[in-house]
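Commentary on secondary and tertiary structure
Chain by chain, the residues:
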Number of protein chains: 2
Amino acid sequence: MDELIAVLTEIKALFNRSLSELSIDCVVFGFHDNQLKVLLLRVKGSDAWSLPGGWIYKTEDVEHAAYRILQERTGLDSIFLQQFHAFGANQRYNGKEVMAKMGLPPEHNFFPERAVSIGYYALVEYSLVEPKTDLFTDECRWWDVAEIPDLLFDHNDIASIALKTLRRQFDYQPIGFNLLPEKFTLIELQKLHETVLGHPLDRGNFQKKMLSYGFLERLEERKTGGAHKAPYLYRFDAKKYEIYLRDNE
Amino acid sequence: MDELIAVLTEIKALFNRSLSELSIDCVVFGFHDNQLKVLLLRVKGSDAWSLPGGWIYKTEDVEHAAYRILQERTGLDSIFLQQFHAFGANQRYNGKEVMAKMGLPPEHNFFPERAVSIGYYALVEYSLVEPKTDLFTDECRWWDVAEIPDLLFDHNDIASIALKTLRRQFDYQPIGFNLLPEKFTLIELQKLHETVLGHPLDRGNFQKKMLSYGFLERLEERKTGGAHKAPYLYRFDAKKYEIYLRDNE
């Protein structure tokens, strides 16, 4: 009972300091074992899964809220984040459904009647993330993109539109570096692109295109441990990347 | 005085039936005299210009609100409409500023404290539009994209991000047909693309690419009145276009 009162008090305080008609939902992409992964949360006391999301403080910029929410879930300070779509169907969201799944008494519902959700996707380095639950959830972990379960509300749509937009962005902006560790081989970079796009790429053309951007730095080090001749490791030069993006907006 | 009370009553009723933290702003593009145009509104009793926008009814889908708002401003029933970005800076909007510009007493301010705006762009056939003012405005007319004046709030940013996104969309989706009359020549279509993109295109490659989509229908009719050999007129086949979009999402 004490725990119930504590949770209700915290939920009430959260909604008191937040906008009531708007929320944020995040599709956090990671890359591991040649699989594209998404971070999902399980609602407290239930087997219902959802995207990580949150609410916007009354005087907070929406973009700031998105960074804050992602930092809270991943423990990361620096995140590649991209707004991609606002989801505004009248019936898309139902706060009472979350209350019920959490076993909270409906007469204490502080969830808003309606929420339009602004969707962001994030590209993170898988190994640096420490998934954390929040007030509403018992579990936070990675799922393969191909195995996402039935999610709450319209979250399956949000995830699939995020992936579609990410693929499109890969076509005109080389943003895949955000999903890789600091040092990587061109083969690893190609594998990532093939996984995100869902089809194989010609090796020669891919490497030529990537090197032509001018922001990949070849290191003296080579990757060790493989059966073949050790390939060079590359690092991504953030300053040159910024210049590239500015010139190719 | 009667007029003032009537306006205030109407404003109050509008905000009573609408969400209070969210608005919609639209960048309506038209093409005329080889210029890309944008529809702007002048605030009642002032020389301040803004994008056409509006509010979302409490139980209305956001996308439906965008169509409704655009129908009200243009008189068009069928509009190509694309959501492109939500603008959420805390200080971006100031309802009191609009009240002041309209000469309305600040103690009767019904405008919300803060509004996040969802941006849509529309592509319309210039000649079919009948620009209409709304409750807050005295004038509604086309401006050349290159000559947009200083707009209210962050509306210049909204317009420029709309144009950037439109250019990008032209690269992967042939949506320019929405800006042309029912029948057009390939030269007119090329001129439109060059105007939107801001650079010339190779004629042979452009025509080959456009015809390869398979949804352009060449008519028996030819364009008359030019000095040169009369070029063929084309029509855009909406059904084939839908199939193309479905297959090339």
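Everything quoted here is computed from the prediction, not taken from an experiment.

Conventions used here
- Residues numbered from 1 in each chain as written.
- Chains lettered and ligands numbered in written order.
- Predicted model: local features only at pLDDT ≥ 70, side-chain atom pairs only at ≥ 80, totals over all residues.
- Heavy atoms only, no water.
- Contact = heavy atoms within 4.5 Å.
- Buried area = accessible area lost by both parts, 1.4 Å probe.
- Salt bridge = Lys/Arg side-chain N within 4 Å of Asp/Glu carboxyl O.
- Polar contact = N/O pair within 3.5 Å; in protein donor to acceptor, adjacent residues only side chain to side chain.
- Helix = DSSP H or I, 4+ residues; strand = E, 2+ residues; numbered from the N terminus.
- Least-squares fit on C-alpha atoms with pLDDT ≥ 70 in both.
- Domains from an automatic or database assignment.
- Buried < 20%, exposed > 50% of the residue type's maximum accessible area, 1.4 Å probe, protein only.
- Lys, Arg positive; Asp, Glu negative; His and termini not counted.
- Phe/Tyr/Trp six-rings, centres within 6.5 Å; stacked < 30°, edge-to-face > 60°.
- Pairing = 2+ DSSP bridges.
- Core = buried A, V, L, I, M, F, W, Y, C linked by side-chain atoms within 4.5 Å.
- Expected span 1.5 Å × (residues − 1).

Taken together, the contacts link 24 residues of chain B with 24 residues of chain A. It is B:Glu21, B:Arg114 and B:Arg168 that lose the most area in chain B upon contact with chain A, and together they represent 26% of the buried surface on that side. Linking chain B with chain A are zero salt bridges, by the criterion used here. For the interface between chain B and chain A, the tally reads 21 residue pairs in polar contact (both at pLDDT 80 or more). Put simply, the parts of the chain that give the side of chain B that touches chain A at least two residues each are strand 1 (18-32), strand 4 (53-57), strand 5 (80-87), strand 6 (116-123) and helix 4 (155-172) of chain B.

Let's shift gears to the relation of the copies chain B and chain A. Two copies of the chain are present, and they differ by a rotation about an axis and a shift along that axis. Mapping chain B onto chain A is achieved by rotating through 180 degrees and translating by 0.0 Å along the same axis, at an RMSD of 0.0 Å. With respect to symmetry, the two chain copies, as superposed, fit the operation of a two-fold axis. Comparing contact sets, 100% of the residues at the interface of chain B also lie at the interface in chain A, consistent with an isologous, same-surface contact.

Residues and elements named next belong to chain A. In terms of domains, chain A is made up of domain 1 (2-171) and domain 2 (173-247). Every contact between the two is made by 15 residues of domain 1 and, on the other side, 15 residues of domain 2. Taking both sides of the interface into account, the surface hidden between domain 1 and domain 2 amounts to around 1500 Å²; carbon and sulfur atoms contribute 67%. Contact with domain 2 buries surface across domain 1, with Phe 31, Glu 125 and Phe 170 losing the most and accounting together for 44% of the total. Viewed at the interface, domain 2 and domain 1 are joined by zero salt bridges. Across the domain 1-domain 2 interface, the total number found is two residue pairs in polar contact (both at pLDDT 80 or more). Breaking the side of domain 1 that touches domain 2 down by element, the ones donating at least two residues are strand 1 (18-32), strand 2 (35-43) and helix 4 (155-172). Top contributing element to the side of domain 1 that touches domain 2 by residue count: helix 4, with five residues.

Moving on, we come to the side chain of A:Glu125. Residue and element names in this part refer to chain A. Mapped onto the elements of the fold, Glu 125 is located in the loop between strand 6 (116-123) and strand 7 (137-144). Lys 223 is the oppositely charged side chain nearest to the buried, salt-bridge-free Glu 125, at an N-O distance of 11 Å. In contact with Glu 125, other than residues within four places in its own chain, are Asn 178, Leu 179, Leu 180, Pro 181 and Glu 182.

This part is about the packing of aromatic side chains. Residue and element names in this part refer to chain A. Here the structure, examined in full by the defined rule, presents 40 aromatic pairs over all chains. Here Trp 49 and Trp 143 contribute two aromatic rings whose centre-to-centre distance is 4.9 Å and whose plane-to-plane angle is 75 degrees, an arrangement assigned as edge-to-face. A residue pair is termed long-range when its members are at least 10 positions apart, and Trp 49 in strand 3 (residues 49-50) and Trp 143 in strand 7 qualify at 94 residues. The class of Trp 49 is buried, set by a relative accessible area of 8%.

All names here are of chain B. Strand order in the open sheet made by the three strands is 8-10-9, with antiparallel pairing throughout. Sheet topology places strand 8 (183-184) and strand 9 (216-222) at the edges, where each strand pairs with a single neighbour. Here four bridges tie strand 9 to strand 10 (residues 232-236), and the two strands are oriented antiparallel to one another. Among the inter-strand pairings, Glu 217 is bridged to a residue of strand 10, identified as Arg 235.

Before going further, it helps to spend a moment on the side chain of B:Glu60. On the secondary structure map, B:Glu60 appears in the loop between strand 4 and helix 2 (62-74). Residue classification places B:Glu60 among the buried positions, given a relative accessible area of 7%. A distance of 2.8 Å separates a polar atom in the side chain of B:Glu60 from a polar atom in the side chain of B:Arg68. Setting aside chain neighbours within four positions, we find B:Glu60 in contact with A:Gly88, A:Asn90, A:Arg114, B:Trp55, B:Ala65 and B:Arg68.

Turning next to unusual backbone geometry. All names here are of chain B. At Asp 33, a position not held by glycine, the phi torsion is positive, near 50 degrees. Inspection of the secondary structure puts Asp 33 in the loop between strand 1 and strand 2 (35-43). Of note in the backbone geometry, Phe 153 takes a positive phi value of approximately 50 degrees without being a glycine.

Here we take up the environment of A:Phe29. With respect to the helices and strands, A:Phe29 occurs in strand 1. As a C-alpha pair, A:Phe29 and A:Leu123 span 94 residues in sequence and 5.0 Å in three-dimensional space.

This part covers the nonpolar core. Ranked by size, the top nonpolar core spans 50 residues in total, and within it A:Ile24 and B:Ile24 carry the most contacts. Sequence-distant contacts of B:Ile24, that is, excluding residues within four places in its chain, are made with B:Pro52, B:Gly53, B:Gly54, B:Ile56, B:Val62, B:Ala65, B:Ala66, B:Ile69, B:Ser117, B:Ile118 and B:Tyr120.

An α-helix turns once per 3.6 residues; consequently, residues spaced three or four apart project the same way. All names here are of chain B. Spanning 12 residues, helix 5 (residues 186-197) covers 16 Å between terminal C-alpha atoms, matching the ideal 16 Å at 1.5 Å per step. Of the residues making up helix 5, those classed as buried are Leu 186, Leu 189, Gln 190, Leu 192, His 193, Glu 194, Val 196 and Leu 197. Positive backbone phi, approximately 80 degrees, marks Gly 198, located one or two places after helix 5.

Moving on: the pattern of salt bridges. Two side chains bearing opposite charge may form a pair once their charged atoms approach each other closely. Residues and elements named next belong to chain A. Enumeration over the complete set of coordinates arrives at 28 salt bridges over all chains. Across the pair Asp 25 and Arg 92 runs a salt bridge whose closest N-O atoms are separated by 3.6 Å. Residue Asp 25 is located in strand 1, and its partner Arg 92 is located in the loop between strand 5 (80-87) and helix 3 (95-101); the two are separated by 67 residues in the primary sequence. Judged by its relative accessible area of 8%, Arg 92 falls in the buried class. Ionic contacts of the salt-bridge type, sharing partners, join the residues Arg 42, Asp 138, Glu 139 and Arg 141 into one network.

Taken in spatial order, the three strands of this open sheet run 8-10-9 (chain A), and their pairing is antiparallel. What marks the edges here is a single partner per strand, and that holds for strand 8 (183-184) and strand 9 (216-222) of chain A.

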